[in-house]
Amino acid sequence: MVVDKRHSGPSGQAGPAAVPLYGFQPPVGTPYGLEVSTVEDFFAQHDDWPWNPPRPGRATFHYLIAVTEGELLHDVDHVTQTVGPGQWLWVRPGHAQCWHPPGAARGTFILFEPEVLRPDLARLLAPLTAHQAPAVLSPHPNDIVWLQQTALQLLDEHRALGRRPLDVHHALRRSLLESLLLRLANSPGIVPVGTPTAGTGRADRYGRFLDALELHFRDLHQAADYAELLDCSVRTLSRTARDATGKGVRELIDERRLLEARRLLGGARWDARTVAVHLGFTDPANFGRFFRDRTGLAPAAFAAREAPAHP
């Protein structure tokens, strides 16, 4: 893995103690954007990785960990997740994350770039790979053994580099990964694409709204702004959002702004005034009220609470 130090603040200059962004760079000889290891091997081979000491970071690729033994702790967007045997941890691109020492945790560790998935499969897996999908997946009990065995088959094929022609080797790895993800998509809490409750048109519109929100949450803050971008009425967009999430459009916009505020205050160590400007607040006092109403803490108090124990 490499650190992309181009991550910057609102003015285009480096932000204060910016959270590093890690790009995908597997070991030499590993083909395409997929790497498979085990938790114990990965930690043993990367003693300089951001868990020594623990510090936050983001990545441009997916982390997927199947825990088979012990208990793994991992911070995802400033929430400590506990992952037990049979569960899967999924850290998606852009999530702020912080590692804990693995202790006795064991399991298969899969890293892959979004481009590894074929476009038709990527559409089917959109609810699973979405930024807001659950960080911890608890598959149906009937799927647990199958998923673990498939993960081990993927690990075995990954280690079989050189035994088969490279294109066959990669096709096998990608096929195993896609099979595994399609089965994980049946986990509780993941709503399949095209479910009768939403309808294909609304599901597509909601996906387009999320894409637009990710691009414009800093400067567009009203439901009408996004309805105009998507060429639909505010009422239609509101119904789409409620069908998909049970929440209104403005609530989703505010949640995305709050998430970014938490990341910048807690991980990047930006001051409240800089965060307010970055998120489009015209008055830092308004940002302070916005943040306090939703977290119960003033921005400075939240930043102090999230400050790392070690510099």
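The following paragraphs examine the structure supplied in this document. (Residues numbered from 1 in each chain as written. Predicted model: local features only at pLDDT ≥ 70, side-chain atom pairs only at ≥ 80, totals over all residues. Heavy atoms only, no water.)

## A closer look at helix H11 (residues 284–295)
Piece 1. Taking 1.5 Å of rise per residue, the 12 residues of H11 would be expected to cover 16 Å, and the 16 Å separating its terminal C-alpha atoms lies within 8% of that figure.
Piece 2. Turning to H11, its buried residues number three or more, namely Phe287, Gly288, Phe290 and Phe291. Taken around the axis of H11, the buried residues stretch over an arc of 165°, which confines them to a single face.
Piece 3. Looking at the buried side of H11, the elements it contacts are helix H9 (249–266), helix H10 (272–278) and helix H12 (299–306).
Piece 4. Positive backbone phi, approximately 80°, marks glycine 296, located one or two places after H11. (Helix = DSSP H or I, 4+ residues; strand = E, 2+ residues; numbered from the N terminus. Expected span 1.5 Å × (residues − 1). Buried < 20%, exposed > 50% of the residue type's maximum accessible area, 1.4 Å probe, protein only. Arc of directions from axis to C-beta. Contact = heavy atoms within 4.5 Å.)

## A look at H9
Piece 1. Look at H9: 26 Å from first C-alpha to last across 18 residues, which is about the 26 Å you get at 1.5 Å a residue.
Piece 2. A large share of H9 lies buried, amounting to 15 of its 18 residues.

## A word on unusual backbone geometry
The general pattern is negative phi for most residues beyond glycine and trans for most peptide bonds.
Piece 1. Look at aspartate 231: it is not a glycine, yet its phi comes out positive at around 60°.
Piece 2. Take aspartate 231: it is sitting in the loop between helix H7 (223–229) and helix H8 (234–245).

## Things to note about the packing of aromatic side chains
Piece 1. Tallying each qualifying case throughout the model produces 14 aromatic pairs.
Piece 2. Judged by centre distance (5.8 Å) and plane angle (55°), the rings of tryptophan 99 and phenylalanine 109 are tilted. Residue tryptophan 99 is located in strand E9 (residues 97–99), and its partner phenylalanine 109 is located in strand E10 (residues 106–112); the two are separated by 10 residues in the primary sequence.
Piece 3. You can call tryptophan 99 buried: its relative accessible area is 3%. (Phe/Tyr/Trp six-rings, centres within 6.5 Å; stacked < 30°, edge-to-face > 60°.)

## Concerning the sheet that holds E9
Piece 1. The 3 strands lie next to each other as E7-E6-E9, forming an open sheet whose pairing is antiparallel. In the strand order of this sheet, the two ends are held by strand E7 (79–83) and E9, each with one partner. Adjacent strand axes in the sheet meet at a mean angle of 30°, parallel and antiparallel pairs treated alike.
Piece 2. Relative to E9, strand E6 (residues 72–76) runs antiparallel, the two being bridged by 3 bridges. Note that in E9 the partner of histidine 74 across the bridge is tryptophan 99. (Pairing = 2+ DSSP bridges. Axes fitted to C-alpha atoms, helices over the stretch in contact; angles between N-to-C directions.)

## Some details on the sheet that holds strand E8 (residues 88–91)
Piece 1. Taken in spatial order, the 5 strands of this open sheet run E3-E10-E5-E8-E11, and their pairing is antiparallel. Every other strand in the sheet has two partners, leaving strand E3 (34–38) and strand E11 (136–137) as the edge strands with one partner each.
Piece 2. In terms of strand pairing, strand E5 (residues 62–69) meets E8 through 4 bridges, oriented antiparallel. Across the sheet, the residue bridging to isoleucine 65 is leucine 89, located in E8.
Piece 3. Contacts from helix H4 (residues 141–158) reach E3, E5, E8 and E10, with the element oriented near 110° to E3.

## So, the side chain of glutamate 260
Piece 1. Along the chain, glutamate 260 turns up in helix H9.
Piece 2. With a relative accessible area of 4%, glutamate 260 lands in the buried category.
Piece 3. Each residue touching glutamate 260, except ones within four places of it in the same chain, is listed here: Arg58, Phe217, Arg218, His278 and Leu279.

## Describing the nonpolar core
For soluble globular proteins, nonpolar side chains are generally found buried alongside one another.
Piece 1. Ranked by internal contacts, the top residues of the largest apolar core, which has 30 residues, are Phe209, Tyr226, Leu237, Val275 and Phe287.
Piece 2. Listing elements by their share of this core, those giving two or more residues are helix H6 (200–216), H7, H8, H9, H10, H11 and H12.
Piece 3. Residues within four places of leucine 237 in sequence aside, it is in contact with Phe209, Ala223, Tyr226, Ala227, Leu230, Cys232 and Val249.
Piece 4. By size, the runner-up hydrophobic cluster in this structure holds 25 residues, among which are Leu34, Ala66, Leu125 and Leu137. (Core = buried A, V, L, I, M, F, W, Y, C linked by side-chain atoms within 4.5 Å.)

## Examining a nonpolar patch on the surface
Piece 1. On the surface, Tyr32, Leu161 and Leu166 cluster together into a nonpolar patch covering about 290 Å² of accessible area.
Piece 2. On the basis of relative accessibility, which here comes to 45%, the residue tyrosine 32 falls in the partly exposed class. (Patch = residues over 30% accessible without salt bridge, like charges linked within 9 Å, V, L, I, M, F, W, Y side chains within 5 Å. Areas by Shrake-Rupley, 256 points an atom, 1.4 Å probe, with all protein chains shown as cover. Salt bridge = Lys/Arg side-chain N within 4 Å of Asp/Glu carboxyl O.)

## Some details on the pattern of salt bridges
Piece 1. On inspection of all chains with the given rule, the structure shows 14 salt bridges.
Piece 2. The partner of arginine 164 in a salt bridge is glutamate 157, and the shortest N-O contact between them spans 2.6 Å.
Piece 3. Notably, a salt bridge pairs arginine 256 with glutamate 260, separated by 3.1 Å at the nearest N-O pair. Placement of the pair is arginine 256 and glutamate 260 together in helix H9, with a separation of 4 residues, close to one helical turn.
Piece 4. Linked through salt bridges whose partners overlap, the residues forming this network are Arg58, Asp77, Arg218, Arg256, Glu260 and Arg263.

## Examining the environment of leucine 89
Piece 1. Topologically, leucine 89 is positioned in strand E8.
Piece 2. If sequence neighbours within four positions are ignored, leucine 89 has contacts with Tyr63, Leu64, Ile65, Leu72, His74, Val76, Val83, Ala135 and Val136.

## As for the packing of H9 against H12
Piece 1. Where H9 meets H12, the axes come as close as 8 Å, and the angle between the chain directions of the two elements is 55°. By the angle between their axes, H9 is oblique relative to H12. Considering only the axes of H9 and H12, their crossing is right-handed. Taken together, the residues of H12 that come into contact with H9 (itself represented by Arg262, Leu265 and Gly266) are Pro299, Phe302, Ala303 and Glu306.
Piece 2. A breakdown of the residues in the contact of H9 with H12 according to their chemical character gives 4 nonpolar, 1 polar and 2 charged. (Parallel < 35°, antiparallel > 145°, perpendicular 65-115°, else oblique. Left-handed = near helix turned anticlockwise from the far one by under 90°. Nonpolar A, V, L, I, M, F, W, Y, C, P; charged D, E, K, R; others polar.)

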